[in-house]
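An overview of the molecular structure
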Amino acid sequence: MKTKKERAAYIDERLEELFPETPVPLDHVNPFTLLIAVLLSAQCTDERVNKVTPALFEKATCPEDMIKLTVAEIEAIVKPCGLAPRKAKAIHRLSEILIEKHGGEVPDNFEDLEELPGVGHKTAGVVLAQSFGIPAFPVDTHIHRLAQQWGLTSGKNVVETEKDLKRCFPKDRWNKLHLQIIFFGRKYCAARQCDGLQCELCQTCFPDRKRARKYKKA
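What counts and how
- Residues numbered from 1 in each chain as written.
- Predicted model: local features only at pLDDT ≥ 70, side-chain atom pairs only at ≥ 80, totals over all residues.
- Heavy atoms only, no water.
- Phe/Tyr/Trp six-rings, centres within 6.5 Å; stacked < 30°, edge-to-face > 60°.
- Helix = DSSP H or I, 4+ residues; strand = E, 2+ residues; numbered from the N terminus.
- Buried < 20%, exposed > 50% of the residue type's maximum accessible area, 1.4 Å probe, protein only.
- Lys NZ or Arg CZ within 6 Å of the ring centre and 35° of its normal.
- Core = buried A, V, L, I, M, F, W, Y, C linked by side-chain atoms within 4.5 Å.
- Contact = heavy atoms within 4.5 Å.
- Salt bridge = Lys/Arg side-chain N within 4 Å of Asp/Glu carboxyl O.
- 1 Å grid on protein atoms, 1.4 Å probe; cavity = no way out; pocket = protein on both sides within 12 Å on 5 of 7 lines; lining within 4 Å.
- Points joined across faces, edges and corners; volume = space filled by probe spheres on them.
- Nonpolar A, V, L, I, M, F, W, Y, C, P; charged D, E, K, R; others polar.

**Comments concerning the packing of aromatic side chains**
Applying the stated criterion across every chain, the model contains 5 aromatic pairs. Between the aromatic rings of Phe19 and Tyr188, the centroid separation amounts to 6.3 Å while the plane-to-plane angle is 55 degrees, which identifies the pairing as tilted. Of the two residues, Phe19 is situated in the loop between helix H1 (4–18) and helix H2 (31–40) and Tyr188 in the loop between helix H11 (174–187) and helix H12 (200–205); the sequence distance between them amounts to 169 residues. Judged by centre distance (5.2 Å) and plane angle (40 degrees), the ring pair of Phe184 and Tyr188 falls under tilted. Using a relative accessible area of 1% as the deciding quantity, one classes Phe184 as buried. The rings of Phe19, Trp150, Phe183, Phe184 and Tyr188 are connected pair by pair, giving a single aromatic cluster. Over the ring of Tyr10 we find Lys2; its NZ or CZ atom is 5.6 Å from the centre of that ring. A cation sits over an aromatic face here: Arg209 above Phe206, 4.2 Å from the ring centre.

If you want it as structure tokens, here you go:
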């Protein structure tokens, strides 16, 4: 059986072969629209978010324009994404805060981003990684599950999974690798398709594994 270091090196190399290009799944035109799109993606698919955001971004691609909309107007547009009342309030209020505290610009650090309504650690990490190129390793459900199946973390929670993955991979790979893992999970190793025994990476990392791998949910 491969060591954790060997598994990580193989996974890194193979994912780069499979997904050399990593376009950001959420459509956006600037850091603000990415922030909004990631916020809307909570408990919603990227595909649905991308169907909803054109109507919203036609009206507002910056905080100054977003606050011209009422919360009710925002809610009506984002309703298909689910949790619309909460998300609409967060979008409107964070737009106000960006103007009040940050000159209308999206901040480029975890502390300020995580102070915004509706913005958690994962959302902040995505914005920092994809808009500012700052090394981060946002952990979603795909990454949390696959990191366990590949024996890279104990999977106690997403915080520990993030720390473990950062130890496994070079810092200059974090931003691209987190997307590559998501793409692999969606295409080859979805929860309903692979139980730790089916896909190429699971089989290669643990060729002697006989029993389905149960993972801890985020």
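**Observations concerning the nonpolar core**
Leu56 and Leu94 are the most contacted members of the largest nonpolar core, which totals 36 residues. Elements with a minimum of two residues in this core: H2, helix H3 (46–59), helix H5 (71–78), helix H6 (84–102) and helix H8 (121–132). Sorting elements by how many residues they give to this core places H2 first, with 8 residues. If we skip the residues at most four places from it in the chain, Leu94 touches Phe32, Leu35, Ile36, Leu39, Leu116, Pro117 and Val119.

**Some details on the pattern of salt bridges**
The final tally for this structure, using the stated rule, is 13 salt bridges. Notably, a salt bridge pairs Glu100 with Arg93, separated by 3.4 Å at the nearest N-O pair. We classify Glu100 as exposed; its relative accessible area is 55%. Looking at Arg93, the relative accessible area reads 34%, which means it is partly exposed. Salt-bridge contacts for Arg167 lead to Asp164; the nearest nitrogen and oxygen are separated by 2.7 Å. Taken together, the residues span about one helical turn, with Arg167 and Asp164 both in helix H10 (residues 158–168) at a distance of 3 residues. Counted as one network, the salt bridges with shared partners bring together Asp12, Glu16, Arg173 and Lys176.

**Description of the layout of surface pockets**
Reported here for the largest pocket is a volume of approximately 910 Å³. Around the largest pocket, the lining comprises 36 residues; the ones closest to its centre are Val38, Ser41, Ala42, Lys122 and Asp140. Secondary structure elements with two or more residues in the lining of the largest pocket: H2, H6, H8, helix H9 (141–149), H10 and H11. Sort the elements by how many residues they give to the lining of the largest pocket and H8 lands first, with 5 residues. For the lining of the largest pocket, the per-class residue count stands at 18 nonpolar, 11 polar and 7 charged. Roughly 190 Å³ of volume is contained in the second largest pocket. Surrounding the second largest pocket, 11 residues form its lining, Thr141, His142, Arg145, Ala191 and Tyr215 being those nearest its centre. Taken together, the residues of the lining of the second largest pocket sort by class into 4 nonpolar, 3 polar and 4 charged.

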